[in-house]
Amino acid sequence: MNTSIPFISDRQIAEALDFRSVAAVLGEAFASLSEGGAAVHHRQRTDCRDLRLSTMGAVWAERGVAGVKVYPTVRGQFSFSILLFDLATNQPLAVLDGNEITRLRTAAVTALVASKAGPLRPRKLAVFGAGLQGRAQAEALSGWFDFEQIALVDPAGNPVWAETLAHKAGCSAAFTTAESAVRDADIVVTATRSATPVFDGAWLAPGAFVAAMGISAPKGRELDGTAMDRAGRIILEWMPQSLAEAGEVALWEGRSSTAPFVDLPQLYAGAAPWRPEVPGITVFKSVGVGLADVAVAQLAVSRILQREPALESALP
Ligand SMILES: NC(=O)c1ccc[n+]([C@@H]2O[C@H](COP(=O)([O-])OP(=O)(O)OC[C@H]3O[C@@H](n4cnc5c(N)ncnc54)[C@H](O)[C@@H]3O)[C@@H](O)[C@H]2O)c1
């Protein structure tokens with residue numbers, strides 16, 4: 001029995017990991033899921049009055065680890081922790097703060113999928129929500145692509161952060177209206193806490209890549225039915241959990257049995273090309289799956305506790 005389980009803090013994780021190394025390990029984990037080397041533990045939510053406890057996790061047999069992320073929701077705020085096990089010894093490897101891992105993996109999966117399935121040379125990025133997740137999404141994507149313009153939408157957005165982002169990204173970045181942000185945008189990200197659509201899907205450019213990563217409950221959505229109707233492809237992280245949790249799917253008025261859903265394990269298995277022959281609007285609906293948390297926790301443990309050299313990212 002391990003009597004002293006190491007603890008890894010958000011600060012240590014922030015120092016050890018970056019969006020690219022996180023995206024690389026996420027790609028490996030979803031590829032492993034497609035080959036049966038990993039399995040996902042569905043999110044479980046338990047409510048009592050206005051309080052909630054949620055758990056999600058995965059077994060990544062190929063890497064010899066399993067883990068669970070657990071978090072209460074109090075007054076709408078989350079507090080994430082992760083417990084990771086070593087399957088070779090059947091002992092706990094570490095307890096990790098989960099806030100930084102959640103921030104990194106949620107933005108990195110958008111960048112990963114946008115780089116493989118989105119427009120080849122995106123010039124304009126639009127981001128809805130400039131809270132914790134929206135800022136991470138803008139920072140990750142602007143490190144990946146050479147944007148000329150970043151349009152931000154958030155009634156509570158901080159213009160000082162927009163200036164810092166413009167400086168780091170080497171392009172213009174400013175708050176604007178929803179319509180002017182979405183029109184002509186190559187990539188649109190929604191990262192708000194809104195339960196109702198944040199823009200009119202008719203405004204989307206014909207080849208836009210849209211990543212909706214806010215609400216992950218079937219009672220609410222950030223994208224309207226028009227955006228979903230216009231999508232030639234709807235990418236999900238992992239079909240069983242995504243179809244159960246995504247409000248964009250549950251509340252979609254025009255959803256048909258031939259809706260163009262594909263998930264990351266299918267794409268990694270080669271069941272469909274990442275970019276369809278006929279380009280159109282691509283929606284990526286992210287709800288967040290436990291495999292991502294376990295994969296990034298494993299990377300953090302290998303970097304911080306086992307002092308492994310940095311992974312070379314194979315990503316563009
Ligand atoms: N997909 C995932 O894996 C994943 C992971 C973590 C969090 N989330 C979700 O991401 C969302 C955002 O989380 P957060 O921590 O950044 O929240 P936050 O409260 O820090 O930020 C949300 C921001 O959205 C803005 N906003 C609200 N309505 C808006 C609208 N209509 N248009 C533009 N901006 C609007 C708010 O002013 C706020 O600044 C939450 O719904 C959370 O559950 C998803």
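What you are looking at is a predicted structure, and each value in this text was computed from that prediction instead of being measured. (Residues numbered from 1 in each chain as written. Predicted model: local features only at pLDDT ≥ 70, side-chain atom pairs only at ≥ 80, totals over all residues.)

K.L.:
Just checking my understanding: could you explain the environment of S54 for this structure?
P.N.:
With respect to the helices and strands, S54 occurs in strand β3 (residues 51-60). Taking the C-alpha atoms as reference points, S54 and Y71, separated by 17 residues in sequence, lie 5.4 Å from one another. Those residues in contact with S54 that lie beyond four places of it in its chain are R43, Q44, R45, Y71 and T73. (Helix = DSSP H or I, 4+ residues; strand = E, 2+ residues; numbered from the N terminus. Contact = placed C-beta atoms within 7 Å.)

K.L.:
Would you take a moment to explain the site of the ligand for this structure?
P.N.:
Taken together, 25 residues lie near the ligand, and G129, G131, Q133, T192 and G288 sit nearest. Elements with a contribution of two residues or more to the shell around the ligand: α3 (99-117) and α4 (132-144). Here the residues of the shell around the ligand sort into eleven nonpolar, twelve polar and two charged. (Near = placed C-beta within 6 Å. Nonpolar A, V, L, I, M, F, W, Y, C, P; charged D, E, K, R; others polar.)

K.L.:
I keep staring at the domain arrangement of the chain and nothing clicks. Help me out?
P.N.:
Bring the parts together and some accessible area is lost; that lost area is often taken as the interface size. Domain parsing of the chain yields domain 1 (7-102 + 291-304) and domain 2 (114-287). The C-alpha centroid of domain 2 is placed 24 Å from the C-alpha centroid of domain 1. Listed as interface residues are eight residues of domain 1 and, on the opposing side, eight residues of domain 2. Ranked by residues supplied to the side of domain 1 that touches domain 2, first place goes to helix α2 (residues 19-34) with five residues. Classifying every residue of the side of domain 1 that touches domain 2 by side-chain character gives five nonpolar, two polar and one charged. (Domains from an automatic or database assignment.)

K.L.:
Is there a simple way to explain the packing of α4 against helix α5 (residues 159-169) in this structure?
P.N.:
Relative orientation and spacing of two packed helices are given, respectively, by the angle between their axes and the distance between those axes. In contact at an axis separation of 10 Å, α4 and α5 are set at 15 degrees when each is read in the N-to-C sense. With respect to their mutual orientation, α4 and α5 come out roughly parallel. The interaxial crossing formed by α4 with α5 has right-handed handedness. Residue-level inspection shows R135, A138, E139 and S142 of α4 in contact with α5, the latter providing W161, L165, K168 and A169. Considering only residue class, the contact of α4 with α5 consists of four nonpolar, one polar and three charged. (Axes fitted to C-alpha atoms, helices over the stretch in contact; angles between N-to-C directions. Parallel < 35°, antiparallel > 145°, perpendicular 65-115°, else oblique. Left-handed = near helix turned anticlockwise from the far one by under 90°.)

K.L.:
Looking at this structure, I do not really get unusual backbone geometry. What am I missing?
P.N.:
Across the chain, the bulk of peptide bonds are trans and the bulk of non-glycine residues have phi less than zero. The backbone of R49 sits at a positive phi, close to 55 degrees, despite the residue not being glycine. Here R49 lies in the loop between β2 (39-48) and β3. Even without glycine at this site, D184 takes up a positive phi of about 70 degrees. The topology assignment puts D184 in the loop between α6 (178-182) and β11 (187-190). You can call D184 partly exposed: it has 15 C-beta atoms within 10 Å. (Buried ≥ 20, exposed ≤ 12 C-beta atoms within 10 Å, placed from the backbone.)

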